[in-house]
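Secondary and tertiary structure notes
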Amino acid sequence: MKAVGSDAARAVAEAAARQSYGKLVAWLAARTRDVAAAEDALADAFAEALERWPRTGVPEKPEAWLLAVARRRRVDAVRRRLTSEAGRDHLKLIAEEAEARMTDEELPDERLRLMFACAHPAIESGVRAPLILQTVLGLDAATIASAFLVSPATMGQRLVRAKTRIRETGIPFRVPERAELGERLDAVLEAIYAAFAEGWSDPAGTETQRRNLATEGIWLGRLVASLMPDEPEALGLLSLMLFAEARRSARRDAAGEYVPLAEQKCAEWDAALIEEAESLLRRAATMGVIGRYQLEAAVQSVHAARRLTGLTDWAAIRNFYDALSVIAGSPVVAINRAVAIAEAEGAVAGLAAIYVLGDDKRLNDYQPYWAARAGLLARLGQVPQAIDAYDRAIGLERDPAVRRFLQGKRAALRH
Amino acid sequence: MQYLLLIYSSEAGMAAAPKEAITQMSAAYGAYTEAMKKAGVFVAGERLKPTKIATTVRVANGKTNVIDGPYADTKEQLGGYYLIEVPDMDAAISWAARCPGASAGTMEVRPIWPMAEYMTTYTA
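Residue positions are counted from 1 within each chain, in the order its sequence is given. Written order determines the labels here, with chains lettered from A and ligands numbered from 1. Local features in this predicted model are restricted to residues whose pLDDT is 70 or higher, and side-chain atom pairs enter the listing and the counts only when it is 80 or higher, whereas totals over whole chains, interfaces and linings include all residues. Computation of side-chain values: all heavy atoms of the structure, hydrogens and water removed.

Quick word on the overall build of chain B
What counts, and what does not: Strands are runs of DSSP state E lasting at least two residues, helices are runs of H or I lasting at least four, and both sets are numbered from the N terminus onward. Only protein chains enter the area calculation, which uses a 1.4 Å probe; residues under 20% of their type maximum are buried, those over 50% are exposed, and those in between are partly exposed. Throughout, a residue-residue contact means that at least one pair of heavy atoms, one from each residue, lies within 4.5 Å. Here the accessible surface of atoms and residues is derived via Shrake-Rupley with a 1.4 Å probe, and residues count as covered only by protein chains that are part of the display. Think of it this way: Lys and Arg go in the positive column, Asp and Glu in the negative one, and His and the chain ends go nowhere. Just so you know, the charge point we use is NZ for Lys, CZ for Arg, CG for Asp and CD for Glu.
For chain B, the count of helices and strands is 5 helices and 6 strands. Counting only C-alpha atoms and orienting by the principal axes, one finds that chain B spans roughly 50 × 40 × 20 Å. Going through the 124 residues of chain B one by one, you find that 29% of them count as buried. Sequence separation of at least 24 residues holds for 75% of the intrachain contacts in chain B that already meet a minimum separation of 6. Carbon and sulfur atoms make up 58% of the accessible area of chain B, which totals about 7,800 Å². Side-chain charges in chain B split into 11 positive and 12 negative, and the spacing between the mean points of these groups amounts to 7 Å.

Okay, structure coming up:
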């Protein structure tokens with residue numbers, strides 16, 4: 001064991017605790033389909049690991065440590081607390097089968113199967129990412145709730161309902177067959193990306209909970225990419241997240257003010273992460289199956305190329321968004337495509353692409369739409385309309401630094 | 001459903017803030033209110049004068065007690081509110097997070113309890 005004290009060491013201990021906790025939950029749940037009971041049986045041991053390992057260091061066999069504590073914890077007391085029969089069965093599993101295995105061999109990693117159960121089509125799509133974060137990473141409902149902007153009570157209920165559903169409807173813990181893998185893998189990747197995106201949207205990194213979510217998203221992405229190394233979209237998603245992560249700190253200047261992508265200093269991007277992202281994307285491309293995440297990663301790759309060429313190839317970006325709107329069209333893609341068109345062909349063409357979206361009610365409270373629209377109107381000198389659009393964007397923004405940035409743009413219009 | 005968004009912030013902090021920050025904040029509030037109206041969720045909303053102007057009234061044993069100052073001394077004070085009409089709590093939280101007051105202080109989100117619903121709950 002290694003004695004630790006600093007925050008960095010605490011993070012290492014916490015990651016190790018989550019790693020082994022997730023493996024154990026997956027292993028237990030895969031045998032009984034009862035995620036809640038598996039979590040329940042391990043809750044005390046996990047809490048003790050989170051409290052103890054930062055001080056004592058990570059034990060040599062973390063899973064065995066957790067199992068031993070779960071077993072030793074005055075079984076009777078735990079039994080009284082456990083409400084379900086299933087919870088008691090899990091304790092029995094821990095006591096017998098699991099511990100016997102732990103003595104000589106590694107626990108099989110069944111987290112991928114757990115993730116596929118959590119992202120099953122029978123589970124409500126909005127709760128899939130939270131469910132993965134809770135079961136695989138052991139994040140509590142309150143942390144997840146803050147990150148996804150819902151109340152902790154609501155999030156708690158949704159998670160409980162989803163776990164009951166897994167048990168009651170008999171959702172399988174398995175990696176789907178080839179034939180149905182595509183769609184099902186999409187759901188897993190989408191859940192991971194949703195977690196990452198929530199975390200990444202806190203650029204200042206001031207909110208620990210949300211910043212960690214980006215880290216956890218990447219961590220899950222690495223896990224899936226390592227367990228499914230031949231799936232181009234799994235590689236594409238990891239590549240996409242690493243490209244974005246590489247620019248995290250460049251999104252703020254020294255004073256904490258927002259810096260848009262076009263004005264970011266390439267020297268502040270994380271070159272090692274970009275390299276890793278590029279190589280993942282190249283590897284995915286050799287597999288000959290294009291997909292949403294590879295295309296989005298390709299867009300990021302064009303942006304990242306500015307560090308070498310000093311230029312952004314907007315025509316290439318536009319092509320990637322054209323392809324994206326065919327295979328995964330959404331208002332978000334349409335807005336990004338319009339911005340690319342504006343850069344490649346001029347603001348008039350870009351604005352035309354924006355106006356096509358005008359009737360979509362979902363855009364009423366979608367900040368990026370109004371910000372993009374304002375920027376293009378401003379470039380065309382349509383000041384009153386640009387001011388209106390900036391006001392909408394400012395009113396819809398929740399990040400104070402971005403709000404100040406937009407207010408600055410709006411104020412500059414008057415001169 | 002209707003929700004009341006209560007905006008709490010430090011009056012002392014606001015009083016000490018530079019004029020520029022106040023102007024910027026007010027403009028942000030203007031844009032926020034406008035965005036609510038355009039999205040069709042705004043029902044009502046006002047700013048409140050500082051708590052030092054507040055007066056507390058209480059009638060006990062037939063005697064009316066009128067006291068200077070707010071009901072409760074808190075670190076952050078109620079400074080304003082919005083009443084909004086949105087489909088659910090998630091939407092209310094999302095609007096609360098966008099309020100400039102959310103980054104300067106604290107937002108409390110309270111579902112409105114319609115009288116009819118209250119009566120059926122408590123007189124049935």
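After that view of the structure, there is still more to cover.
Quick word on the environment of Val136(A)
Residues and elements named next belong to chain A. Relative to the assigned elements, Val136 resides in helix H7 (residues 125-137). Residue Val136 is classed as buried on the basis of its relative accessible area, which comes to 0%. Put simply, Val136 and Ala26 are 110 residues apart on the chain and 7.3 Å apart in space, counted from C-alpha to C-alpha. Excluding anything up to four places from it in sequence, Val136 contacts Arg18, Gly22, Arg111, Leu114, Met115, Trp219 and Leu220.

Looking at the interface of chain A and chain B
By a widely used convention, the size of an interface equals the accessible area lost when the partners come together. Put simply, the rule reads: We define buried area as the total accessible area lost by two parts upon association, computed with a 1.4 Å probe and summed across both. A carboxyl oxygen of Asp or Glu within 4 Å of a side-chain nitrogen of Lys or Arg is what we treat as a salt bridge. Pairs of N or O atoms are called polar contacts if they sit within 3.5 Å, as long as, within protein, a hydrogen donor faces a hydrogen acceptor (for residues adjacent in sequence, only side-chain-to-side-chain pairs). For this classification, the nonpolar set comprises Ala, Val, Leu, Ile, Met, Phe, Trp, Tyr, Cys and Pro, the charged set comprises Asp, Glu, Lys and Arg, and every other residue, Gly included, is treated as polar.
Taken together, the contact between chain A and chain B spans 18 residues of the former and 17 residues of the latter. Counting the surface lost from both chain A and chain B, the interface buries some 1,500 Å², and carbon and sulfur atoms represent 55% of this. Applying the counting criterion to the chain A and chain B interface returns 1 salt bridge. Asp90(B) serves as the salt-bridge partner of Arg158(A), at 2.6 Å between the closest nitrogen and oxygen. Linking chain A to chain B there are 6 residue pairs in polar contact (both at pLDDT 80 or more). The dominant element in the side of chain A that touches chain B, judged by the number of residues it contributes, is helix H20 (residues 383-396) of chain A, at 5 residues. Here the residues of the side of chain A that touches chain B are counted per class, giving 5 nonpolar, 5 polar and 8 charged.

Some remarks on the pairing of strand S3 (residues 55-60) of chain B
Residues and elements named next belong to chain B. Operational definition: At least two bridges found by DSSP between two strands is the condition for calling them paired.
Strand direction decides the pairing type here: S3 and strand S4 (residues 63-68), joined by 6 bridges, are antiparallel. Bridge pairing links Thr56 to Ile67 in S4. A loop of 2 residues connects S3 with S4, the two strands running antiparallel in sequence, and Asn61 in this loop sits at a positive phi of about 55°.

Quick look at a nonpolar patch on the surface
This is how the line gets drawn: Surface patches are drawn from residues lacking salt bridges whose relative accessible area is over 30%; two like charges belong together within 9 Å, two nonpolar side chains (Val, Leu, Ile, Met, Phe, Trp, Tyr) within 5 Å.
On the surface, a cluster of nonpolar side chains totalling about 580 Å² of accessible area is made up of Trp113(B), Met115(B), Tyr118(B), Met119(B) and Tyr122(B). Inspection of the secondary structure assignment puts Tyr118(B) in helix H5 (residues 115-123).

Some points on the sheet that holds strand S2 (residues 42-47) of chain B
Residue and element names in this part refer to chain B. The criterion, for reference: What counts as an axis is a line fitted to C-alpha atoms, over the stretch in contact for a helix, and the angles between N-to-C directions run from 0 to 180 degrees.
Ordered by their spatial adjacency, 4 strands build an open sheet running S2-S5-S1-S6, and the pairing between neighbours is antiparallel. Because the sheet does not close on itself, it has two edges, and the strands there are S2 and strand S6 (106-111). For this sheet, the mean inter-axis angle between neighbouring strands, taken without regard to orientation, is 20°. As judged from the 5 bridges shared by S2 and strand S5 (residues 77-85), these two strands associate in the antiparallel manner. Bridging from a neighbouring strand, Glu46 pairs with Tyr81 of S5. Taken strand by strand, helix H2 (residues 19-38) contacts strand S1 (2-9), S2 and S5, and its axis lies near 20° from that of S5.

Interpretation note: all reported values are geometric properties and have no functional meaning in isolation.
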